[in-house]
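Working through the structure, step by step
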Amino acid sequence: MGDYHTPRGVAVPPPKPFFWAVRTALKETFFPDDPFRQFKNQPPSRKFVLGLQYLMPILEWAPRYTFQFFKSDLVAGITIASLAVPQGISYANLASLQPIVGLYSSFVPPLIYAMFGSSRDVAVGTVAVASLLLTSMIGGVVHPYENPKLYFQLAMTATFFSGILQTALGLLRLGFIVDFLSHATIVGFMGGAATIVCLQQLKGMLGLVHFTRGTDMVSVLKSVFTQVHQWRWESAVLGCLFLFFLLLTRYFSKRKPAFFWINAMAPLMSVILGSILVYLTHAENHGVQVIGYLKKGLNPPSLSDLAFGSPYLVTAIKTGAVTGIIALAEGIAVGRTFSMFKNYHIDGNKEMIAFGLMNIAGSCTSCYLTTGTFYSISSTNYLRRNRPLLIYFSSTDILWFQTVISGPFSRTAVNFNAGCKSAVSNIVMATAVMITLLFLTPLFHYTPQVVLSSIIIAAMLGLIDYEAAIHLWKVDKFDFVVCMSAYIGVVFVSVEIGLIIAVTMSMLRLLLSIARPRTYVLGNIPNTMTYRSIDQYPNANNVPGMLILHIDAPIYFANSNYLRERITRWIYEEEDRVKSCGEASLHYVILDVSAVGSIDTSGMSMLDEVKKDLDKKGLKLVLANPGSEVMKKLDKTEFIQNIGQEWIYLTVGEAVGACNFMLHTCKRTPPTLRMPPAVELTAQDNV
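Residues numbered from 1 in each chain as written. Predicted model: local features only at pLDDT ≥ 70, side-chain atom pairs only at ≥ 80, totals over all residues. Heavy atoms only, no water.

Structural notes on the nonpolar core
Membership of the largest hydrophobic core comes to 110 residues, with the highest contact counts inside it found for Tyr91, Leu97, Phe189, Ile326, Tyr368 and Met460. The element that contributes the greatest number of residues to this core is helix α4 (residues 67–94), accounting for 10 residues. Judged by nonpolar contacts, the second largest core, of 49 residues, contains Leu549, Ala624, Val630 and Val652. (Core = buried A, V, L, I, M, F, W, Y, C linked by side-chain atoms within 4.5 Å. Buried < 20%, exposed > 50% of the residue type's maximum accessible area, 1.4 Å probe, protein only. Helix = DSSP H or I, 4+ residues; strand = E, 2+ residues; numbered from the N terminus.)

Section: the confidence of the model for the protein chain
Low-pLDDT stretches of the model should not have their predicted coordinates read in fine detail. Per-residue pLDDT for the protein chain has a mean of 83; in total, 90% of the residues score no lower than 70. Residue range residues 1–7 is modelled with pLDDT below 50. Its contacts to residues more than four positions away, or to other chains, number 16 contacts. Long-range and interchain partners of residues 375–409, a stretch whose pLDDT sits below 50, account for 96 contacts in this model, where long-range means more than four residues apart. (pLDDT = per-residue confidence, 0-100. Contact = heavy atoms within 4.5 Å.)

Focus: the layout of surface pockets
Taken as a whole, the largest pocket holds about 980 Å³ of empty space. Considering the residues around the largest pocket, the lining is formed by 40 residues, among which Asn93, Ser96, Leu97, Tyr145 and Lys203 are closest to the centre. Elements that contribute at least two residues to the lining of the largest pocket include exactly α4, α5 (99–104), α8 (148–171), α10 (202–205) and α20 (449–461). For the lining of the largest pocket, a count of residues per class yields 19 nonpolar, 17 polar and 4 charged. (1 Å grid on protein atoms, 1.4 Å probe; cavity = no way out; pocket = protein on both sides within 12 Å on 5 of 7 lines; lining within 4 Å. Points joined across faces, edges and corners; volume = space filled by probe spheres on them. Nonpolar A, V, L, I, M, F, W, Y, C, P; charged D, E, K, R; others polar.)

Some points on the side chain of Ser560
Structurally, the position occupied by Ser560 is in helix α24 (residues 560–581). Not counting chain neighbours up to four residues away, the residues in contact with Ser560 comprise Ile555, Ser602, Gly603 and Met606.

Observations concerning unusual backbone geometry
Note on backbone geometry: most residues besides glycine have negative phi, and most peptide bonds are trans. Unusually for a residue other than glycine, Asn41 sits at a positive phi of about 60°. Its place among the elements puts Asn41 in the loop between α1 (18–30) and α2 (44–55). Of note, the phi angle at Ser366 is positive, near 65°, even though the residue is not glycine. Within the secondary structure layout, Ser366 lies in the loop between α15 (348–363) and β2 (371–372). Look at Ser366 and you get buried, because its relative accessible area is 3%.

Side note on the packing of aromatic side chains
What the rule picks out here adds up to 12 aromatic pairs. Between Phe18 and Phe19, the ring centres sit 5.4 Å apart and the planes meet at 75°, which makes this aromatic pair edge-to-face. Taking the relative accessible area as the measure of exposure, Phe19 reaches 70% and is therefore exposed. Centroid distance Phe160 to Phe161: 5.5 Å. Interplanar angle 80°. Geometry classified as edge-to-face. Residue Phe160 is classed as buried on the basis of its relative accessible area, which comes to 16%. Aromatic rings pair up to connect Trp61, Tyr65 and Phe69 into one cluster. Of note, Lys16 hangs over the ring of Trp20, and the distance from its end group to the ring centre comes to 5.4 Å. Positioned above the aromatic ring of Trp570, the side-chain terminus of Arg566 is 4.1 Å from the ring centre. (Phe/Tyr/Trp six-rings, centres within 6.5 Å; stacked < 30°, edge-to-face > 60°. Lys NZ or Arg CZ within 6 Å of the ring centre and 35° of its normal.)

Below you can see the structure in the form of structure tokens.
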């Protein structure tokens, strides 16, 4: 192993005041981005202005806004408005609400977001999954058609509590909670939700009047095939034609990205063509259902409709919490993705506040849940062609990046491709929707329901991302199991159960990684002083007389007992291997704790127990490369004095060198093994 050199000591960090340590921990937990650094060394008047700009980003960028920017935002706003109108009607229908509520939801929330949101690209609107959750959870206790007033009140109440939750998470800087929805979880849940949404649209496609309230595949298919005698071929033919048209425009826009606007305009074109066709042929008299009368006028106030005294208040709160978290996961990831793509920064917690405020305001103005919009996941090839971009994104961000870049009807993607420059595009969209509400709603009277079903199906097909599931199978089998568990739970049980399964599996994966951390044996790479896993590097050699173990996680109460048992097992296995190979007997156990970022009192007790067990076996425990937090605990618990400062080293190489020196120059006297006086004195002086 080469000549032995006197080891350099591992320093114990100097003590810090208690309140300084608490403040630092809180800052690292809740303010990792240090959002208040801009207020430092500023006069009070400037701090006041910066505070207003922090709360309302529009005050920061509005003074620099130019006419050139407005021209770009005008085009983008009109483009996404052409998408917002048919989608708003479609998703309100999916949520079992009046179609006009979908238009209301595309008017007030975008105005609120334009003032408080920090993203230049996010386009606000209703989304399919939240709409399905409303139908599933609230519709499970109140029938939307038998008692529409109470159902509407509960939907508004759920939206209100969703906004309260989102705002609270933003104010309390708890945005990291959203990160517990893993990539695999979202792929499975969204795919399952999309499958159910598509199946439910068979009601409109086949012209059925009565349909199941269940959201599982068995109930939906049973409802479809027990009413074969009520299928209307007129609706089916019309639906298939418009679905083919929408998928064709999507395919064309993918092949020719410059013509993205064709894909964006396709839903509105379908609504217009369908309405004209029904009006000219009087198809409503032949089994083709139409929207019917839509009331003209702006959003009526709905503050009095918030059902705080309803016996179903708990259901409304639960629905608001679930839809609020899902909406945050969608909206924040969409905004973060495009901000990185265009090289500017958004504050995730400020986005939560913006989403929360717009949902609180929306619940008081007849709007149901809205967020940053996305509708499809189908750009794996795009990411492969732009692989350098991946270094900037988390796994969840990559999923949403796949979602928004090439989604067939993603408002945010359309907004981005149309050249938006700021949140003014949301204001333009809201203005266009306002004009529609004031003057154009009678034109939607003859819009066929089957066209709305076609729009939803075309949007949802992209959410069934089988390529992502295949990729998960290739990369991580457990993630694939998580994905499929979420998908099966949503499709065959219910949306709520599927979401619970998805979150439970994600948390189980997290707990397993904490409770069962990886440990592995290190070996020496030939002709180097480098030590790596012998599983990863088969040419790495075991060091005679030593067992070098690497612990790959912090040591807490949840894993301390497992680590003690696993270390003991490694020792037994190494002793058996040494006996079978006829090698030198084991004398030293070196723990590489470089990856142990922290350790609690249970972990310290585990180390003490391991040392005692090794002393009984006549073996010596050696520590390599402990970090500052570990050294603090070692010092405070007097473990350093127990093990001896001379047995703690900066690197595995130094630890091996010292042990090798002892093996070749000193007679071993278990259970207490000391270095030669001169070497020991030098080592202690260095420490």
